[in-house]
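Results of the structural survey
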Amino acid sequence: MGEKLLIVESPAKARTLSRYLGKDFRVVASVGHVRDLPKNELGIDLEKGFEPRYEVLPGKRAVVAQLQKAAREAEKILVATDPDREGEAIGWHVAELLKGSQKPVERVLFHEITKQGVKKALEHPRELDPHLVDSQKARRVLDRLVGYTLSPLLWEKVKRGLSAGRVQSVALKMICDREAEIAAFVPEEYWN
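So, the pairing of strand 2 (residues 25-29)
With four of five residues buried, strand 2 is to be regarded as a mostly interior element. Pairing of strand 1 (residues 4-8) with strand 2 involves five bridges; the strand directions are parallel. Bridged to Leu5 within strand 2 is Arg26. For the crossover from strand 1 across helix 1 (residues 11-21) to strand 2, the handedness is right-handed.

Structure (structure tokens):
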């Protein structure tokens with residue numbers, strides 16, 4: 001039986017897991033996100049259902065090459081990125097980049113990094129959750145659409161380098177609307 005490839009986010013977690021798992025596993029860290037929308041353009045196809053266009057992050061090309069080489073050499077590929085929406089998305093991006101290995105990628109969730117917790121998690125792999133992945137994609141697309149359209153306005157009107165967020169921008173709009181209502185209020189006396 002050949003070596004299994006286990007991909008995690010953190011190099012420290014990779015070292016700990018390597019000690020627990022021994023020679024049957026090669027544990028490699030993605031060191032967080034490996035792909036994102038392009039830095040200097042919208043990167044979202046508005047005509048095709050807001051489809052994002054991802055590219056490998058410039059500082060992660062060596063990590064991706066290492067992951068792809070390890071995937072070609074491995075018998076089995078397991079993604080054990082963090083057990084949240086961002087971790088699921090990172091796992092999906094890694095799986096997309098490893099499609100050339102012609103091996104299926106399974107998802108493992110570690111809720112505790114103990115020998116027993118790791119062993120139990122490895123006994124119950126699953127597929128990547130497309131709902132969590134889509135949730136993170138939607139958040140990222142909204143961040144980009146709001147930020148890419150509002151940030152230049154902030155630079156022009158307030159200060160260069162500021163960025164508008166999808167949550168803060170809406171909250172600020174609600175506060176401004178409410179303040180306008182308060183300013184427009186005309187008090188009238190009335191008696192019951």
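Alright, that's what it looks like, and here's the rest.
Things to note about the packing of helix 3 (residues 85-97) against helix 5 (residues 130-157)
Look at helix 3 against helix 5: their axes get within 8 Å of each other, and the N-to-C directions meet at 100°. One element, helix 3, and the other, helix 5, form an angle in the roughly perpendicular class. Of helix 5, the residues touching helix 3 (which contributes Arg85, Glu86, Glu88, Ala89 and Trp92) are Leu132, Val133, Ser135, Gln136, Lys137 and Arg139. Split into classes, the residues belonging to the contact of helix 3 with helix 5 amount to four nonpolar, two polar and five charged.

Rules behind the numbers
Residues numbered from 1 in each chain as written. Predicted model: local features only at pLDDT ≥ 70, side-chain atom pairs only at ≥ 80, totals over all residues. Heavy atoms only, no water. Buried < 20%, exposed > 50% of the residue type's maximum accessible area, 1.4 Å probe, protein only. Helix = DSSP H or I, 4+ residues; strand = E, 2+ residues; numbered from the N terminus. Pairing = 2+ DSSP bridges. Right-handed = clockwise from strand over helix to strand, strands pointing away. Axes fitted to C-alpha atoms, helices over the stretch in contact; angles between N-to-C directions. Parallel < 35°, antiparallel > 145°, perpendicular 65-115°, else oblique. Contact = heavy atoms within 4.5 Å. Nonpolar A, V, L, I, M, F, W, Y, C, P; charged D, E, K, R; others polar.

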